[in-house]
Amino acid sequence: QVQLVESGGGLVQAGASLRLSCAVSGRTFSRYDMGWFRQAPGKEREFVAAISWSAISTLYSDSVKGRFTISRENKNTMYLQMNSLKPEDTAVYYCAADPRSTWYLPDEYNYWGQGTQVTVSS
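A short tour of the structure in this document, coming up. Here the residue index of a chain counts from 1 through its sequence in written order. Totals for whole chains, interfaces and linings use all residues, but because this is a predicted model, local features are given only for residues with pLDDT of at least 70 and pairs of side-chain atoms are given and counted only at 80 or more. Hydrogens and water molecules were not included; the side-chain quantities draw on all heavy atoms of the structure.

**Some remarks on unusual backbone geometry**
In this model, Ala55 sits at a positive phi of 70 degrees, which is unusual for a non-glycine residue. Only runs of H or I of at least four residues qualify as helices and only runs of E of at least two qualify as strands under DSSP, and these elements are numbered from the N terminus. Mapped onto the fold, Ala55 is located in the loop between strand 5 (46-51) and strand 6 (58-60). On the accessibility criterion, Ala55 (36% relative accessible area) is partly exposed. In this model, Asp98 sits at a positive phi of 65 degrees, which is unusual for a non-glycine residue. Locating Asp98 in the fold gives a position in strand 9 (residues 91-99). Each residue's exposure class comes from its accessible area (1.4 Å probe, protein chains only) as a fraction of the maximum for that residue type: buried when under 20%, exposed when over 50%, partly exposed otherwise.

**Points about the environment of Leu85**
Residue position: Leu85 is located in the loop between strand 8 (77-82) and strand 9. Residue classification places Leu85 among the buried residues on the basis of a relative accessible area of 2%. On a C-alpha basis, the gap between Leu85 and Ala14 in space is 5.3 Å, while along the polypeptide they are 71 residues apart. For Leu85, the residues in contact, after removing those within four places along its chain, are Val12, Ala14, Gly15, Ala16, Ser17, Leu18, Arg67, Phe68 and Val120. The criterion used for residue contact is that any of the two residues' heavy atoms lie within 4.5 Å.

**Section: the packing of aromatic side chains**
Here a pair means two rings of Phe, Tyr or Trp (six-membered ring of Trp) with centres within 6.5 Å. Their orientation is stacked below 30 degrees between planes, edge-to-face above 60, and tilted elsewhere. Counted under the stated rule, the structure contains six aromatic pairs. A ring pair is formed by Tyr94 and Trp112, whose centres lie 6.3 Å apart and whose planes are at 80 degrees; its orientation type is edge-to-face. In this pair, Tyr94 sits in strand 9 while Trp112 sits in strand 10 (residues 109-112), placing the two residues 18 residues apart along the sequence. Judged by relative accessible area, which is 13%, Tyr94 ranks as buried. An aromatic cluster is built from Phe37, Phe47, Tyr94, Tyr109 and Trp112, whose rings are joined through pairwise contacts. The aromatic ring of Tyr94 is capped on one face by Arg45, whose charged end is 3.8 Å from the ring centroid. Should the NZ of a Lys or the CZ of an Arg lie within 6 Å of a ring centre and within 35 degrees of the ring normal, that charge is described as sitting over the ring.

Right, here's the structure in full:
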């Protein structure tokens, strides 16, 4: 069984930065592609970024490209560095692991964390 735990969310002003972490326990972390998604109230879960098991390949949504950076390290942790935050970035952020094929589709992922709230005030 794989457990994912997000942390690092909070309330910040527009233009600020936050770094989210996703701690992975259970099976071999290094074998999984992983991703970040977010969900704002009343909206569907939205793809943010994904990273390959090797950390060589990454993918970003157009809305965060150039502002957010996804990374991972061998100690079973994945990160999302979020810079130049905007009020429209406000959402619950989820990490996910082990997609079947398509990185940007939430239904493809087998494992999910519980989420961490990010609120950006204007």
